[in-house]
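Each chain is listed here by its residues.
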Amino acid sequence: MAKTKILFITHEMSPFLELTKISEITRHLPQAMQDKGFEIRILMPRFGNINERRNRLHEVIRLSGMNIIINDNDNPLIIKVASIPSARMQVYFLDNEEYFQRKHVFTDNNNKFYADNDERTIFFCKGALETVKKLGWSPDVVHCHGWMSALVPAYLKTLYKDDPTFKNSKVVYSLYDDNFETSLSAEFASKAIMNGMNAEHTEMYTDATNTALNLGAISYSDAVVCACENINEEVLKFVKKSNKPLLEFNSTLDYENYYNLYEEIASEELVSLA
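Residues numbered from 1 in each chain as written. Predicted model: local features only at pLDDT ≥ 70, side-chain atom pairs only at ≥ 80, totals over all residues. Heavy atoms only, no water.

## With respect to the packing of aromatic side chains
Aromatic ring pairs: the centre-centre distance and the angle between the two ring planes describe each pair. Stated formally: Note on aromatic pairs: the rings of Phe, Tyr and Trp (six-membered ring only in Trp) are paired at centre separations within 6.5 Å, and the planes decide the class, stacked below 30 degrees, edge-to-face beyond 60, tilted for the rest. Think of it this way: any DSSP run of H or I at least four residues long counts as a helix, any run of E at least two long counts as a strand, and we number them from the N terminus. Between buried and exposed lies partly exposed: a residue is buried under 20% and exposed over 50% of the maximum accessible area for its type, with that area taken using a 1.4 Å probe on protein chains only. Two conditions define a charge located above a ring, namely a distance within 6 Å from the ring centre to NZ of Lys or CZ of Arg, and an angle within 35 degrees of the ring normal.
Under the defined criterion, the tally for this structure stands at 16 aromatic pairs. Their ring planes at 80° and their centres at 5.4 Å tell us that Phe47 and Phe100 sit as a pair that is edge-to-face. Taken together, the residues Phe47 in the loop between β2 (39–45) and α2 (52–55) and Phe100 in helix α3 (residues 97–100) connect sequence positions 53 residues apart. Considering the side-chain rings of Phe106 and Trp147, the 4.8 Å spacing of their centres and the 45° angle between planes classify their relative orientation as tilted. Separated by 41 residues along the polypeptide, Phe106 in the loop between α3 and α4 (117–135) and Trp147 in the loop between β7 (141–145) and α5 (152–157) bring together distant segments of the chain. Both residues of the pair, Phe106 and Trp147, belong to the buried class. An aromatic cluster of three or more residues is present, and its members are Phe47, Tyr99, Phe100, Phe106, Phe113, Phe123, Trp147 and Phe180. The ring of Tyr259 carries the charged tip of Lys36 above its face, separated from the ring centre by 5.0 Å. The lysine or arginine in question, Arg102, covers the ring of Tyr114, its NZ or CZ lying 4.5 Å from the ring centre.

What follows is the structure, given as structure tokens:
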């Protein structure tokens, strides 16, 4: 029997980038699932403060060379890879000089939110899925971690719904307390529209706040994980009302529950774990 394939998409992961609890979970959860016999892939941005030499990143020529179009601009996508020998895991990094080669991650020297965080998010989400297509690897489950991955569920259920790589993929979205206080640009939802999509597909994201990104991601996901104890109340109410399979926070401490969730949604036996 073929192994269940899990794709993890995250904006941080230990030991490469440690900002919040996300980095710890995305380091240990994939390894736990790999130990269970799942086949895994991990994708994250190559932010400028990730040391290439220390982490032994190197470019994957056969995957690089794509362009992601945002707002009629072509943005080159470079793919790099690094290994965690102790875990026998590889991590793919999405790089772009304009979007990611900075000393800071989401804010500048004055702690001001980057004005182009909207385009950086779009680039990462679209680029991640294009990279997986080029890998020729079809995931059974795509598990998104952190607000920067919030467009992935929308793209999978609209733009890529008939794509052979993703047409059978189920989407899990993890909720965290990695909230940003401001909002992305007012044009975020319109910029996120790709050929083959329309304004309705990104309508949930229009406010471009952290809450809006979470609500949009949840609406397109097949299951939701409360990965932190203190989830925004509006978001939590939306999850409950959606009746989607839910892994409550008190169940996330045991990775066996993630395993059960993946198996259930991959086999379309959608049973709530709440």
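From this point on, the discussion continues.
## Structural notes on the pattern of salt bridges
Put simply, the rule reads: When a carboxyl oxygen of Asp or Glu is within 4 Å of a side-chain nitrogen of Lys or Arg, the pair counts as a salt bridge.
Scanning all chains against the criterion turns up 15 salt bridges. Glu130 is the partner of Lys126 in a salt bridge, and the nearest nitrogen-oxygen pair spans 3.6 Å. Placement of both Lys126 and Glu130 in helix α4 is noted, with a separation of four residues, approximately one turn of the helix. Judged by its relative accessible area of 13%, Lys126 falls in the buried class. A salt bridge links Glu233 to Lys237; the nearest nitrogen and oxygen atoms lie 3.7 Å apart. Remark: Lys237 and Glu233 occur in helix α8 (residues 233–242); sequence separation between them is four residues, near one turn of the helix. Taken individually, Glu233 and Lys237 each receive the classification exposed, so the pair is uniform in this respect. Via salt bridges that share partners, Arg46, Glu52, Lys80 and Asp95 belong to a single interconnected network.

## Brief notes about the layout of surface pockets
Rules: Within this scheme a cavity is a closed region of a 1 Å grid, computed over the protein atoms alone, that accommodates a 1.4 Å probe without allowing it to escape, whereas a pocket is open but has protein on both sides within 12 Å along at least five of seven lines; lining residues each have an atom within 4 Å of a point. Grid points are joined across faces, edges and corners, and a volume is the space filled by probe spheres set on the points. Amino acids are sorted into nonpolar (Ala, Val, Leu, Ile, Met, Phe, Trp, Tyr, Cys and Pro), charged (Asp, Glu, Lys and Arg) and polar (every other residue, Gly among them).
Of the voids in this model, the largest pocket is the one considered here, and its volume is about 260 Å³. For the largest pocket, the lining is made up of 13 residues, of which Ile69, Ile70, Ile193, Met194 and Asn195 are closest to its centre. Among the elements that make up the lining of the largest pocket, the one with the highest residue count is strand β4 (residues 66–70) (four residues). Split by residue class, the lining of the largest pocket holds six nonpolar, four polar and three charged.

## Things to note about the environment of Ser64
Worth spelling out the cut-off: A contact between two residues is defined here by any heavy atoms of the two lying within 4.5 Å.
Relative to the elements of secondary structure, Ser64 occurs in the loop between β3 (58–59) and β4. Sequence separation between Ser64 and Ile78 is 14 residues, and the spatial gap between their C-alpha atoms is 4.6 Å. Excluding residues that lie within four positions of it along the chain, Ser64 makes contacts with Glu59, Leu77, Ile78, Ile79 and Lys134.

## Examining the nonpolar core
To keep it simple, the criterion reads: Throughout this description, the term nonpolar core refers to a set of buried Ala, Val, Leu, Ile, Met, Phe, Trp, Tyr and Cys residues connected via side-chain atoms within 4.5 Å.
Judged by nonpolar contacts, the single largest core of 96 residues is most densely connected at Phe16, Met33, Tyr155, Leu175, Tyr205 and Tyr262. By residue number, the principal contributor to this core is α4, which donates eight residues. Those residues within four positions of Tyr155 in sequence are excluded, and the remaining contacts are Ile122, Cys125, Lys126, Leu129, Tyr160, Ala192, Met194 and Met197.

By themselves these figures say nothing about function.
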